[in-house]
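# Secondary and tertiary structure notes
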Amino acid sequence: MLEDWKKKYKEFCEWQKTPYQVNPMSEEEHICTTCGRHFAGNYCPQCGQSSRIGRYSFKKAFLLFLDVWGLGNRGMFRSIRDLFLRPGYMIRDYLKGMQMAYFPPFKMLFLLFALSLLVNTGVNIKGENFIKEQQERFEKDYKTSLEKSKQAAKEEQTADPKQKGIDKKKELAQFNAAMDKAFMEYNDWTNRHETLFTLIFLFLIAGPLYLLFRHCPHIPDMRFSEFFVALIYITNLLTMISIIMDFFGINVNYKAALPLLIVIPLKQLSGYSYTKTCLKTYLIFLFLTALLLVAIVIVAFIYAKRVVL
């Protein structure tokens, strides 16, 4: 039994490394209904129309509707499958020129963010609006801080003028309320501009990571643009996992573990060992995350001080 599983795993590993194989071209003769050219194959060499196009039907209308969003394209489903089962190898195939076989990374990113927005605003198993719930939680925390500020103001009015610490207590409560409001507005902005925020974060992390992976064994002369496309595809993988978890209402803290999945595609893409890939990835990731958090706190602190004053 164990030997069978080992054999299947070995076959799976070999399949992961095998690039997508294009089916042989059909030898059947066709006449293009658009330009009238006689040809053999799947597409007209003169105007590019598919040989499968015939009389109009509701089925074809539905497929055309899906094609508008990229969902009817076989490359979309192949891209989803390969991102889950062979992400790094798929990205490497795409970067080497096999671009017709896979869905464009940036187009896929925006489609997934649109789907994620739908899921988080109520199109899920539980019918819950996660964004609204998070917003209400932040507003509740802000109101609590505001109440403390008001309570400190009342204590100041009724306290002995000689009593020390009242002003400091009031100022601290007001500052905490302003900080909560700043973080609430930041959270609201990132929810409304998730795509822009993600792209900014990718630009920040792409540069340092690229310096560590640009001379990797599998692609010794990797360009920055190629590495950035690889990160877009990895982001698509993480977004799909988030969508699935949110859709089914799985309440485990899975988002904290998502960065761990970055190692798998980067290892397959680069050819480094898992140990080396982990060291290169997480040193940069932790450093940039710390810098980003410090920047957010500084901006929120300046904003809060300005509100208090």
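For the structure, check the block above.
Residues numbered from 1 in each chain as written. Predicted model: local features only at pLDDT ≥ 70, side-chain atom pairs only at ≥ 80, totals over all residues. Heavy atoms only, no water.

The subject of this paragraph is the side chain of Gln268. Following the sequence through the fold, Gln268 ends up in helix H10 (residues 263-270). Here the side chain of Gln268 touches Gly88 through a polar contact of 2.9 Å, landing on its backbone nitrogen. In this structure, Gln268 is in contact with Gln16, Arg86, Pro87, Gly88, Tyr89, Arg92 and His218, ignoring residues within four places of it in sequence. (Helix = DSSP H or I, 4+ residues; strand = E, 2+ residues; numbered from the N terminus. Polar contact = N/O pair within 3.5 Å; in protein donor to acceptor, adjacent residues only side chain to side chain. Contact = heavy atoms within 4.5 Å.)

What follows concerns the side chain of Gln49. When you line up the elements, Gln49 lands in the loop between strand S2 (38-40) and helix H2 (58-68). In this structure Gln49 comes out as buried when scored by relative accessible area, which is 18%. (Buried < 20%, exposed > 50% of the residue type's maximum accessible area, 1.4 Å probe, protein only.)

Where burial is concerned, most of H10 is hidden: 6 out of the 8 residues are buried. If you check which residues of H10 are buried, you get Val263, Pro265, Leu266, Gln268, Leu269 and Ser270. Where H10 terminates, the next one or two residues include Gly271, which has phi positive at roughly 95 degrees.

Another point: the nonpolar core. Judged by nonpolar contacts, the single largest core of 48 residues is most densely connected at Ile91, Met108, Phe227, Leu231 and Tyr233. Only helix H3 (74-85), helix H4 (87-95), helix H5 (105-120), helix H8 (194-213), helix H9 (224-247), H10 and helix H11 (274-308) provide two or more residues apiece to this core. With 14 residues, the top contributor of residues to this core is H9. With sequence-adjacent residues up to four places away left out, Phe227 is seen in contact with Ala206, Leu209, Tyr210, Phe213, Met222 and Leu266. (Core = buried A, V, L, I, M, F, W, Y, C linked by side-chain atoms within 4.5 Å.)

Attention now moves to the pattern of salt bridges. Inspection of the entire model under this criterion finds 3 salt bridges. For Arg81, the salt bridge identified is with Asp82, shortest N-O distance 2.8 Å. Given a relative accessible area of 39%, Arg81 falls into the partly exposed group. A salt bridge links Arg86 to Asp82, with the shortest nitrogen-to-oxygen separation between them at 3.1 Å. For the pair shown, Arg86 and Asp82 are each scored as buried. Bridged by salt links that share partners, the residues Arg81, Asp82, Arg86 and Asp93 form one connected network. (Salt bridge = Lys/Arg side-chain N within 4 Å of Asp/Glu carboxyl O.)

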